[in-house]
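Tertiary structure, described
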Amino acid sequence: MSIEVEEKFESRESQTGPNAWIERLYLVRGTDDDLAAKAALGDTAPSLYDGLTRQSRHIERIGEQLWLGTARYTRSESSEPPATGESVFSFDTGGGTQHITQSLTTAGRYPSGAPDHEGAIGVTDDAVEGVDITVPVYHFSETHYIPASEVTLAYRGDLFHLTGKVNNGSFRGLAAGECLFLGASGSQRGSGEDWEISFRFAGSPNRSNLSVGSITGITKKGWEYLWVRYEDVEDELAHAMVKRPLAVYVEEVYEYGSFSLLGIG
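Residues numbered from 1 in each chain as written. Predicted model: local features only at pLDDT ≥ 70, side-chain atom pairs only at ≥ 80, totals over all residues. Heavy atoms only, no water.

1. Looking at the nonpolar core
Across soluble globular proteins, nonpolar side chains have a tendency to be buried as a group. Short version of the rule: As used in this record, nonpolar core signifies buried Ala, Val, Leu, Ile, Met, Phe, Trp, Tyr and Cys residues forming a set joined through side-chain atoms within 4.5 Å. In this scheme, a residue with accessible area under 20% of its type's maximum is buried, one over 50% is exposed, and one in between is partly exposed, where area comes from a 1.4 Å probe on protein chains only.
The biggest cluster of nonpolar side chains holds 17 residues, and the ones touching the most others in it are F171, F199, F201 and L262. Counting residues in hydrophobic clusters, the runner-up holds 13 residues, among them V28, A45, L52 and A71.

So this is what it looks like as structure tokens:
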């Protein structure tokens, strides 16, 4: 069994300011060897994140062939603090986890003549259980050093109200509907002349011409939610009742917002 490393949902606790730090938490599966677990953590956790340098790795055994890994990032001692107006950028494409009930295609059915569920996954008599998979998610962050005169109560209110919204226009090369604003954190530096503010985003691609079973022509924007309703029908060849897609629904679950209000170009 190969070693698997997956970032935890509650990862990326952070502090901004002169003593900025970030901790990224991972689950390491598939080995009882602490050195192998630590090496796998080092291969997965990026050496740089959000302008900070990975300073340490820590693993803790929490189960059989299961470890909790921590990568801590701080500012390099040799680096000079950025000046007002400067920016720091970072990204990763580690992906995210999504529960799906439908495959892209059924690669095989055994024995020959087994019931055809048209791609439904984990079918039982009562339900379609599905499976958790890794899907493309483009995480990126930007840290900007903004003059204090621009960080007004109204501006901070805009950041608050934009959190959890998707872009209504093109942003950082992502089309409308592909970028989700995860929020911002900031602190005032030194003598109070500027603010260090980190902005966090996630990108998910828009899709078109999708197919679910025999249903085709489906369009879904990046952060919309697609779900499938199934029906019981008889597979005449297998002489068995099967669950097959009856209808596909694409739901808008995030509001849209103008990312121009972020004031970062």
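2. Quick look at the side chain of N167
The cut-off we apply is this: The way it works is that DSSP assigns letters per residue, a run of H or I at least four long becomes a helix, a run of E at least two long becomes a strand, and they are numbered from the N terminus. Nitrogen and oxygen atoms within 3.5 Å of one another constitute a polar contact, given that in protein one can donate a hydrogen and the other can accept it, and given that sequence-neighbouring residues count only through two side-chain atoms. We call two residues in contact whenever any of their non-hydrogen atoms come within 4.5 Å of each other.
Structurally, N167 is set in strand β11 (residues 166–167). With a relative accessible area of 0%, N167 lands in the buried category. For N167, the side chain forms a polar contact with the main-chain oxygen of L174, separated by 3.4 Å. Not counting residues within four places of it along the chain, the set of residues in contact with N167 comprises L174, A175, A176, G177, E178, C179, Y256, G257 and F259.

3. Comments concerning the pattern of salt bridges
The test is simple: Here a salt bridge means any side-chain nitrogen of Lys or Arg lying within 4 Å of a carboxyl oxygen belonging to Asp or Glu.
Tallied over the entire structure, the rule returns twelve salt bridges. Between K243 and D232 there is a salt bridge whose closest N-O contact spans 2.8 Å. Taken together, the residues K243 in strand β17 (residues 240–251) and D232 in strand β16 (residues 225–235) connect sequence positions eleven residues apart. Salt bridges sharing partners connect three or more residues here, namely E7, R12 and R24.

4. What about helix α1 (residues 34–44)?
Here α1 has its buried residues at A37, A40, L41 and G42. If you check the start of α1, you find a side-chain oxygen 2.9 Å away from the backbone N of L35, and it comes from D33.

5. A look at the environment of R189
Relative to the elements of secondary structure, R189 occurs in strand β12 (residues 179–189). A residue is classified by how much of its surface remains accessible, and R189, at 13% relative accessible area, is buried. Between the alpha carbons of R189 and S112 there is a distance of 68 Å; along the sequence they are 77 residues apart. Every residue in contact with R189, bar those within four places of it in the chain, is listed here: P81, P82, A83, T84, Y145, D194 and E196. A polar contact of 2.7 Å, which involves the side chain of R189, links it to the side chain of D194.

6. Topic: a nonpolar patch on the surface
Filter applied, for reference: Residues form patches when they are more than 30% accessible in relative terms and have no salt bridge. Like charges link within 9 Å. Nonpolar side chains (Val, Leu, Ile, Met, Phe, Trp, Tyr) link within 5 Å. All accessible-area figures derive from a Shrake-Rupley calculation using a 1.4 Å probe, and residue coverage is judged against the displayed protein chains alone.
On the surface, Y225, W227, Y249, V253 and Y254 cluster together into a nonpolar patch covering about 470 Å² of accessible area. Inspection of the secondary structure puts Y249 in strand β17.

7. What about the packing of aromatic side chains?
Applicable threshold: Pairing of aromatic side chains here covers Phe, Tyr and the six-membered ring of Trp, requires ring centres within 6.5 Å, and sorts the geometry by plane angle: under 30 degrees stacked, over 60 edge-to-face, intermediate tilted. Placement of a charge over a ring requires the Lys NZ or Arg CZ to be within 6 Å of the ring centre, with the centre-to-atom vector within 35 degrees of the ring normal.
Scanning the entire structure with this criterion turns up eleven aromatic pairs. Between F201 and F259, the aromatic rings sit 6.2 Å apart at their centres with planes inclined by 45 degrees, giving tilted as the arrangement. Of this pair, F201 sits in strand β13 (residues 194–203) while F259 sits in the segment after β18 (256–257), placing them 58 residues apart in sequence. Neither F201 nor F259 differs from the other in exposure class; each is buried. When the centroid spacing of 4.5 Å and the interplanar angle of 15 degrees are considered together, the rings of W227 and Y249 count as stacked. Separated by 22 residues along the polypeptide, W227 in strand β16 and Y249 in strand β17 bring together distant segments of the chain. These aromatic residues form a ring-pair network of at least three members: F91, Y138, F140, F171, F181, F201 and F259. The ring of Y49 carries the charged tip of R24 above its face, separated from the ring centre by 4.5 Å. Here the guanidinium or amino end of R72 rests over the ring plane of W21, the centre of that ring lying 4.6 Å away.

8. Some remarks on helix α2 (residues 153–162)
Rule in force here: Directions from the helix axis toward the C-beta atoms define the arc.
Considered for burial, the residues of α2 that qualify are Y155, L159 and L162. On an axial view of α2, the arc spanned by its buried residues comes to 75 degrees, and they lie on one face. Facing away from the buried side of α2 by more than 90 degrees, the exposed set consists of L153, A154, F160 and H161. Of the surrounding secondary structure, the elements contacted by the buried residues of α2 are β10 (138–147), β12, β13 and β18. Just beyond α2, the residue with positive phi is G164, at close to 80 degrees.

9. A look at the environment of R24
With respect to the element layout, R24 can be found in strand β3 (residues 21–29). For R24, a relative accessible area of 2% corresponds to the buried category. In sequence terms R24 and Y49 are 25 residues apart; their C-alpha atoms lie 9.7 Å from each other. Aside from chain neighbours lying at most four places away, what touches R24 is E7, S11, R12, P46, Y49, G69, T70, A71, Y73 and D92. There is a polar contact of 2.8 Å between the side chain of R24 and the side chain of E7.

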